[in-house]
Each structure stands twice: as C-alpha cells, then as structure tokens.
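# Reading the structure
So you can see what is in the structure, the chains are spelled out below.
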Amino acid sequence: MAKSNNLKYELVSTFRRLHAVVNRCKKLGETALDFETTSLSPASGRVRLVSLRNTKTRVLVDFDRIKGGFGKCARLFEGGTWIVFYSGFEGRWFRAAGADPMLYDVGFLRRAILGGGRFSLANMALWDLNIEMSKDEQASDWGSRLTRSQLDYAYFDAYVTWRLWRGWAKQADEGHWSAFHMLNDMVPAVIEMEDAGMLFDSEQHAKLVKDWYKIHRQKTKLIRGLVPTGEVANINSDSQWSDYFAARLPDTILSGWPRTEKTGQLSMKVETLRRLGAHFHGTPMQTFMDGLADYKKVSKYLSSFGESLITSANLAHDGRIHARYNIGAAKTLRFSSSGPNVQQTPRDFDLLGKFTSIRKSFVAPRGMRLVSLDYSGIELRVLALLSGDEQLLDDVVNGDVHAEVAAVVAGAPIDRTTRAGKAARQSAKGISFGIIYGSGAMGLAATMRTSVDRAQGYIDFWQDRYPDAFRLRYDMMDEVSRTRRIRMVEGGTVYMGKKPDLPKCANYPVQRAALSVMAMAIKRHKNSLDDCRWAEKQKRSRMLATIHDALIDEAATRDAKLLLKIMERDMIAGYLDIFPGAPTERLVEGGTGPSWGELN
DNA sequence: CGAGAACGCGCG
DNA sequence: AAAGCGCGCGTTCTCG
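None of these values were measured; they are calculated from a predicted model.

### Observations regarding the domain arrangement of chain A
Under the domain assignment used here, chain A contains domain 1 (2-172), domain 2 (201-318), domain 3 (362-378 + 513-593) and domain 4 (388-508). Placing the centre of domain 3 and that of domain 4 at their C-alpha centroids yields a distance of 29 Å. In this complex, domain 3 contributes seven residues to the contact, which on the side of domain 4 involves seven residues. Buried area between domain 3 and domain 4, both sides added, is near 550 Å², and the carbon and sulfur share of it is 59%. Taken together, domain 3 and domain 4 are joined by zero salt bridges.

### Some points on the protein's contact with DNA strand C
What surrounds DNA strand C is a group of 30 residues, the closest being Ser-237, Gly-339, Gly-434, Thr-447 and Tyr-508. In DNA strand C, atoms within 4 Å of the protein come from the sugar-phosphate backbone in 68% of cases. One of the side-chain N or O atoms of Thr-447 is found 2.8 Å from a base oxygen in DNA strand C. In the model, a phosphate oxygen of DNA strand C is placed 2.5 Å from a nitrogen or oxygen of the Tyr-508 side chain. Residue assignment for the surface near DNA strand C shows that the elements contributing at least two residues are α10 (238-248), α13 (284-305), β10 (336-338), α18 (419-436), α19 (441-448) and α22 (502-534). If one sorts the elements of the surface near DNA strand C by residue count, α22 sits on top with five residues.

### Some points on the sheet that holds strand β6 (residues 102-105)
Here we have six strands laid out as an open sheet, ordered β1-β4-β3-β2-β5-β6, and mixed in their pairing. Each of the sheet's edge strands pairs with one partner strand only, and the pair in question is β1 (10-12) and β6. Averaged over neighbouring strand pairs, the angle between their axes works out to 30° when direction is ignored. In the packing of helix α1 (residues 15-28) onto the sheet, the strands contacted are β1, β2 (30-37), β3 (47-53), β4 (58-62) and β5 (81-84), and the crossing angle to β1 comes to about 120°. Helix-sheet contacts for helix α4 (residues 106-115) involve β5 and β6, and the interaxial angle to β6 is about 45°.

Cut-offs used in this document
- Residues numbered from 1 in each chain as written.
- Chains lettered and ligands numbered in written order.
- Predicted model: local features only at pLDDT ≥ 70, side-chain atom pairs only at ≥ 80, totals over all residues.
- Heavy atoms only, no water.
- Domains from an automatic or database assignment.
- Contact = heavy atoms within 4.5 Å.
- Buried area = accessible area lost by both parts, 1.4 Å probe.
- Salt bridge = Lys/Arg side-chain N within 4 Å of Asp/Glu carboxyl O.
- Near = heavy atom within 4 Å.
- Polar contact = N/O pair within 3.5 Å; in protein donor to acceptor, adjacent residues only side chain to side chain.
- Helix = DSSP H or I, 4+ residues; strand = E, 2+ residues; numbered from the N terminus.
- Pairing = 2+ DSSP bridges.
- Axes fitted to C-alpha atoms, helices over the stretch in contact; angles between N-to-C directions.

So this is what it looks like as structure tokens:
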C-alpha cells in the first residue's frame with residue numbers, strides 16, 4: 001500500500017505536549033486510541049506507545065521518553081471518549097494505572113449494525129476498508145529502541161480504527177447506538193468475570209477423570225475383543241467405523257442408517273448407535289454397538305472435560321479457570337465463551353449407572369459460596385412479549401405451556417406426577433423449542449422421532465393456541481424481504497442476506513431479546529457490586545460467569561443470601577428495562593452453594 | 001508440517 | 001430455494 005499523508009504523525013515525547021494533545025482531543029470529542037505494550041498483561045509489562053487519531057490529531061506518544069511513563073499520564077485521558085478495538089485490552093491497562101476513561105469499542109458498533117461476530121482489527125480493515133494490515137511487527141520487541149517500521153505500525157492501528165469508526169458511525173441510527181451501548185456497557189462486568197475466573201478443585205476432578213479412564217480401558221478392551229486393529233485401525237475414526245459397518249450389515253439396516261451430510265458416510269452419533277443397536281437385541285452386535293456408544297461417550301468427557309480443565313486451572317497459578325466471555329460473538333449478540341468454553345460445561349449426568357457431576361469441580365473458596373440465578377423459560381416468555389401473545393404470556397407466567405402442549409399430544413390432560421406424564425411433558429418441550437427454532441413439520445418429526453403428520457398436528461395446535469406468537473416469524477420474513485435486516489428489540493439490526501430464512505427469522509428476535517434482557521441485568525449487577533464494595537460491604541463479592549440465561553457470582557458465606565437477593569433484583573430490573581410493565585412472577589430461579597453442582 | 005474441512009457433541 | 005437457533009472445541013483426514 002502506498003504511503004499517504006494520512007500516515008504522517010507527530011511523535012510526542014514530553015508530558016507538556018501530551019497534556020496539550022489530550023486536552024485538544026477531549027474538546028474535539030471522540031479520538032481513536034491504540035496501545036503497544038511490552039507484554040500482554042499489566043502485571044508483567046508496560047505501555048510503551050499510544051497512538052491517537054481524529055479529524056485534527058495524528059499523534060504517536062512514546063512513554064519511555066516521558067518521566068513516570070504511562071502510569072503518570074493515564075488519568076489525563078479521563079474525561080475524553082476514546083475509540084479502540086477490543087476495549088478489554090486498553091481498559092485493563094488504564095485500570096491498572098488507576099484511570100477509568102470512557103472507551104468505545106468500534107467492533108461493537110459493527111456488531112450492533114450487522115449482528116455479532118468475532119473478528120480482529122485486521123479483519124475489519126479488510127472487510128470494511130479493503131486495507132490489508134501486516135502483522136509483521138505485532139510480536140516484535142516493544143521494550144527497547146524502536147524502528148521506524150515499528151512506529152509506523154503502531155500509528156497505523158489508530159488510523160484504521162478512526163476510519164472504521166467514522167464509517168460505521170455514519171450509518172448508525174438511534175437503534176444501532178442503543179445496541180452499541182448495550183454491548184459497550186458490559187465490558188467492565190466481563191473484565192471482572194475474566195479476571196476473577198472460577199476456582200477449580202483439581203483433586204476432586206482428578207478422581208472423576210480416573211473413573212473415566214477406567215471405563216475407557218474397559219470399553220476399549222470390549223471393542224478390541226470383537227474388532228481387532230486389522231479390521232479397524234483407529235478406534236476413534238468414525239469414517240473407519242462407517243466402512244466397517246457398511247461392509248458387514250445387511251441392507252435392511254443400512255438403508256435406515258442416517259448418513260452424514262457432506263460425505264454420505266454412516267453417521268456415528270451415539271444416539272444412532274444405540275437406536276440401531278437395539279435392532280440386534282440380545283446379540284453380540286448390540287453388545288458391541290452399545291459398547292462403542294459408551295466408548296464414544298466417555299471419550300468425549302475425557303477429551304473435552306478431563307485433564308484439559310485441570311490444565312487450565314493449573315496454568316493460571318491461582319488454581320482458577322479463567323475463561324473468556326466474548327461480548328456479542330453470536331449473530332444475535334449472545335456471548336460466547338472460550339479458552340476454555342465454560343458455557344458448555346456438562347450438567348450432571350449418569351455415566352453407566354454412576355452419578356457424575358463436573359460442575360461440582362467448580363467450587364467456591366473456603367469460607368465462600370457460589371451464588372447463581374437463571375431466567376426460567378426466558379425464550380418463550382420473550383416470544384410472548386415480543387409478539388404480544390396474551391395466551392402464551394398467560395401460559396408461561398401462570399400456567400404450564402409444556403403441559404398444555406403435552407395434553408394435546410396425549411389427547412388428554414397429563415399427570416405431571418407420573419413417570420409417563422413427565423415424559424410427555426418433556427417431549428412437549430421439544431415442540432415449543434421447535435417453534436422457537438422455526439422448525440417445520442419435517443424437522444420436528446425428525447427430532448421427535450414421530451411422523452410428519454403428527455408433527456404437523458403439533459405445530460397446528462401451537463399455531464391455533466398461540467396465533468400471535470406464531471405470526472412473529474412471518475412478520476420478520478416480510479421485514480427481511482423489504483430491508484434485508486431484522487430490527488431487534490433494543491434497536492440493533494441483524495443483516496440477513498438477500499433471502500429470508502424462516503428458521504432464523506423465527507429464532508433471532510427471540511434469542512436477541514433474551515440477550516438484551518441479560519445485558520441489562522449484567523450492567524446493573526456490576527454496578528450493584530461496585531456500590532457494595534465501595535461501601536465496604538461485600539468486599540469479596542465478585543461476578544464470575546454468564547451462561548446465557550444465568551449468572552454466577554462468588555461471595556463470602558455470610559453475604560451469599562443477600563447477594564442472591566441483589567442478583568434477583570438486578571435480573572428482574574434488567575428484564576423490565578427491555579419489557580417495561582411485563583409480569584415478573586417466577587422469572588428467576590437458583591440458589592447458593594459450595595459449588596456449581598450444588599446450588600440450593 | 002500446517003491449515004482447513006468434516007463430523008460430532010457439550011451447553012443455552 | 002430451503003427450512004429447528006446460537007456457539008467452541010476435540011479428533012480425523014485430506015490437501016498442498
């Protein structure tokens with residue numbers, strides 16, 4: 001790329017000049033800002049360079065040449081509004097230096113307008129400005145004498161950030177700004193959660209893992225007793241198992257065996273293995289297919305939730321698992337979690353007759369408790385509110401949607417106390433989820449393992465009882481046809497491409513509304529905790545995690561019950577922020593306890 | 001050898 | 001035209 005005048009900048013190396021520049025930025029309004037640091041964390045490094053860019057400012061500051069460095073200057077930035085990419089990074093450095101300036105994350109503006117995503121500054125530069133950013137200097141040494149190329153590189157980030165901000169701000173309307181602030185305002189809470197992490201009981205967990213290895217060995221032995229490596233070389237290879245079964249089983253079985261989408265192999269899902277294995281009832285083939293299913297199950301837990309979690313905890317030196325919570329990562333702006341993804345931590349389950357709880361390994365420290373609440377049935381509730389469906393709202397708040405639907409499926413009212421009644425209700429949940437996910441009769445029939453006719457009957461009933469809720473999807477389809485976007489409850493939009501897609505049109509507004517409710521709750525709850533701590537009460541209370549419709553905190557044991565009430569208040573208030581005047585009965589449920597697996 | 005596709009599966 | 005949503009991550013396997 002050709003060097004242009006855009007890339008000329010002033011190198012600032014005195015406090016006096018910095019002071020003047022920052023003051024002018026504050027007067028002008030928003031200014032793009034970017035750090036180059038000597039390490040990734042304030043605990044082990046320092047801020048070397050700050051680049052600044054707005055309509056009138058083109059500056060690169062070298063803090064190694066200013067007495068006291070960044071630490072002495074950080075508070076100068078308070079009172080301004082600074083545009084950054086991934087504000088969690090700059091925010092931590094400012095906070096470590098005792099400063100708390102207003103940071104706006106340009107990525108959030110893009111997400112508010114198009115609908116989520118995870119991307120780097122280089123991605124945005126390429127997609128939105130058609131600029132290729134080199135990464136050559138990214139990992140270079142920012143601690144010693146800097147080359148011209150390093151200085152240019154450092155300034156270029158602020159230049160790109162500024163252009164991106166200008167571009168997106170130009171097309172943002174009032175609703176987009178509301179979605180932007182919804183995301184931006186969650187940053188302090190997310191920093192708190194990521195820095196806190198969750199204490200992990202590695203000793204306790206190691207016992208679980210040991211049990212899993214034992215089962216793993218047993219099942220390997222069983223499988224290898226029947227199928228030696230000469231026939232299937234890799235026991236973990238689904239495609240090799242597919243070949244194995246395809247060569248040995250009769251067409252009557254193979255014709256009914258589901259195939260994978262891209263390659264057409266026999267699908268090796270655990271559920272499929274068990275279902276088809278039942279066709280060989282009482283034979284060695286069933287023993288074998290069940291054994292393979294067991295093997296796959298325990299392999300999953302070993303590879304995803306075994307030693308890797310222990311390693312995560314040990315890696316962090318405080319024995320805690322520090323997951324990341326990626327704000328607005330999903331198209332609907334839901335969070336994602338990574339490194340590890342604690343949002344996918346298994347619920348308690350039965351492993352070959354043995355009760356197993358991975359969540360019990362996530363514990364509160366001595367003298368403390370975990371505090372957690374979740375919004376119950378939030379998606380059906382917000383669907384009712386978004387669509388103004390009085391019947392659905394009444395059933396969700398005062399009745400039992402799943403029981404109503406189950407009664408139709410059964411042809412008579414169900415008894416929730418019997419095993420059959422519970423199963424019927426559980427199955428009916430699938431119908432309502434199908435509706436929320438925009439399923440047609442085909443998809444619902446496949447999921448529920450019933451006929452298309454029956455599935456259509458369920459959908460018809462649902463539409464008949466909840467007509468307004470059912471119509472929402474078609475209103476959204478219309479909107480997409482006209483605008484290629486869906487306007488979400490808090491004002492943001494999701495770009496839907498050229499073709500309206502029914503399942504997405506049915507689901508996105510619901511998923512987004514649930515996120516918006518949680519976003520309000522998270523912001524309120526962080527403020528509540530800051531207030532508590534400021535008042536020297538609940539000094540040890542912290543936010544730890546958000547699992548989509550749930551929050552987890554940690555508090556001293558004597559504070560736990562009070563914190564639970566505060567959390568409840570904040571979550572209800574967050575819901576009312578999005579749906580003023582909506583009914584709040586039975587909105588949240590949860591409790592406190594010594595671990596994530598034991599909350600009462 | 002590394003990157004990416006495909007598949008499967010954990011969660012809400 | 002295609003039709004249950006959204007994620008992250010582990011493993012295998014192919015491709016260059």
